[in-house]
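Observations on chain architecture
What follows is the residue order along each chain.
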Amino acid sequence: QDLLVAQSIHKECPEKHLDIGSRIDGFVSNVASFRDIESLDIRKILSKIPRVIFKQADITNLESLTMHNINDGYCDSISCLHALEHFGLGRYNDPIDVHGWKIGFKNITKILKKNGIFYLSTPIGKQRVEFNANWVFNRYTIINFAKECGMILKSLIIIDANGYKTVELTNENLYKLVNENYNLGLFYFVKNI
């Protein structure tokens, strides 16, 4: 996921890319090898890495964002890789809130400019919360909620033990994923409002 999204960002060349909660020693450092990147995390990051601007903030709390002048239409590209599934579960000292992931997702769409790209990876399969770990989402939960937030799905890549494959976006192909227990879904959304 780290390399796939970094390559896409390199190709798209956004004006401002903001990452939310992704791995610093993976994705963020990959992107920082060729461009500036802002990294937003609920955890305090003390490391100084060239081309990485760290901001400690909680994406589920608008006041936390406004402290850093992060507001509507802040950037034209956002990534949140393997992080959304933890929002609201308290694993990273965030407040417990069953709707934490929805709040975070809505706030992400608010700070993204129209026609901006949102790269999201999260576990997908039979929907559940795995104790003290993360959500696993039904892929339609993510796709339908994104649509409610004004996002259009442009691409879905499934990553599993065998590698990765791009899913043709048909109802039949998406339905096949319902009975899978666990995969990593890498969604590429575009904001259309």
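The structure displayed is predicted, hence computed values, not measured ones. Residue numbers restart at each chain and count upward from 1, following the sequence in its written direction. The predicted nature of this model means local features are confined to residues of pLDDT at least 70 and side-chain atom pairs, given and counted, to a pLDDT of 80 or more, with totals for whole chains, interfaces and linings taken over all residues. Heavy atoms from the whole structure form the basis of all side-chain values; hydrogens and water molecules are not counted.

1. Topic: the sheet that holds strand β8 (residues 151-160)
As summarised here, the arrangement of the eight strands in space is β3-β2-β1-β4-β5-β10-β8-β9, forming an open sheet in which the pairing is mixed. Single-partner strands in this sheet number two, and they are β3 (52-56) and β9 (163-167). Across the sheet, the mean angle separating the axes of adjacent strands is 20° when strand polarity is ignored. Inspection of the sheet shows strand β2 (residues 37-41) paired to β3 by five bridges, in the parallel sense. Across the sheet, the residue bridging to leucine 40 is lysine 55, located in β3. Any pair of residues with heavy atoms lying within 4.5 Å of one another is described as a contacting pair. To get an axis, fit a line to the C-alpha atoms, keeping to the stretch in contact for a helix; angles then go from 0 to 180 degrees between the N-to-C directions. Only DSSP runs of H or I reaching four residues or more are called helices, and only runs of E reaching two or more are called strands; each is numbered from the N terminus. Packed onto the sheet, helix α5 (residues 139-148) meets β5 (112-124), β8 and β10 (183-191) and runs at close to 10° relative to β10. In this scheme, strands are said to pair when DSSP sees at least two bridges between them.

2. Considerations on the packing of helix α4 (residues 100-111) against α5
The geometry of α4 relative to α5 is characterised by a closest axis approach of 11 Å and an angle of 45° between their N-to-C directions. By the angle between their directions, the pair α4 and α5 is classed as oblique. Crossing handedness for the pair α4 and α5: right-handed. Between α4 and α5, the contacting residues are Trp101, Lys102, Phe105 and Lys106 on the first element and Thr141, Ile142, Phe145 and Ala146 on the second. Charged residues are taken to be Asp, Glu, Lys and Arg, nonpolar residues to be Ala, Val, Leu, Ile, Met, Phe, Trp, Tyr, Cys and Pro, and polar residues to be all remaining types, Gly included. A class-by-class count of the residues in the contact of α4 with α5 yields five nonpolar, one polar and two charged. Roughly parallel means an angle under 35 degrees; roughly antiparallel means over 145; roughly perpendicular covers 65 to 115; every other angle is labelled oblique. Note on convention: the crossing is left-handed when the near helix lies turned anticlockwise from the far helix by less than a right angle, right-handed when the turn is clockwise.

3. Overview of helix α1 (residues 2-12)
Every α-helical turn comprises 3.6 residues, leaving residues that sit three or four positions apart pointing alike. Buried residues are those whose accessible area, probed at 1.4 Å on protein chains only, stays under 20% of the maximum for their type, while exposed residues exceed 50% and partly exposed ones sit between those limits. Of all the positions in α1, only Asp2, Leu4, Val5, Ala6, Ser8 and Ile9 are classed as buried. Positive backbone phi, approximately 50°, marks cysteine 13, located one or two places after α1.

4. A few points about α5
Listing the buried residues of α5 in full gives Arg139, Ile142, Ile143, Phe145 and Ala146. The backbone nitrogen of tyrosine 140 has a side-chain oxygen 2.7 Å away, supplied by the residue at the start of α5, namely asparagine 138. Glycine 150 lies just past α5 and shows a positive phi near 85°. A 3.5 Å cut-off defines polar contacts: any pair of N or O atoms within that distance qualifies, except that in protein one atom must be a possible hydrogen donor and the other a possible acceptor, and neighbouring residues in sequence count only when both atoms are side-chain atoms.

5. Details of the pattern of salt bridges
Here a salt bridge means any side-chain nitrogen of Lys or Arg lying within 4 Å of a carboxyl oxygen belonging to Asp or Glu. The full count for this structure, using the stated rule, is six salt bridges. Notably, a salt bridge pairs arginine 51 with aspartate 36, separated by 3.5 Å at the nearest N-O pair. In this pair, arginine 51 is assigned in the loop between β2 and β3 and aspartate 36 in the loop between α2 (24-32) and β2, connecting sequence segments 15 residues apart. Between glutamate 38 and lysine 55 there is a salt bridge; the shortest N-O distance is 3.1 Å. Of the two residues, glutamate 38 sits in strand β2 while lysine 55 sits in strand β3, which places them 17 residues apart along the sequence. Lysine 55 shares its class with glutamate 38; the two are buried. It is possible to trace a salt-bridge network through shared partners that takes in Lys16, Glu38 and Lys55.

6. Quick look at the environment of valine 129
When you line up the elements, valine 129 lands in strand β6 (residues 128-130). Separated by 43 residues in the primary sequence, valine 129 and histidine 86 have C-alpha atoms spaced 9.6 Å apart. Setting aside residues no more than four positions away along its own chain, valine 129 makes contact with Leu89, Asn134 and Trp135.

7. Quick notes on the side chain of serine 121
Position of serine 121 relative to the elements: it lies in strand β5. Side chain to side chain, serine 121 and glutamine 1 meet in a polar contact 2.5 Å long. For serine 121, the side chain forms a polar contact with the main-chain nitrogen of histidine 82, separated by 2.8 Å. The residues contacting serine 121, other than those within four sequence positions of it, are Gln1, Cys80, Leu81, His82, Ala83, Glu85, Leu184, Gly185 and Leu186.

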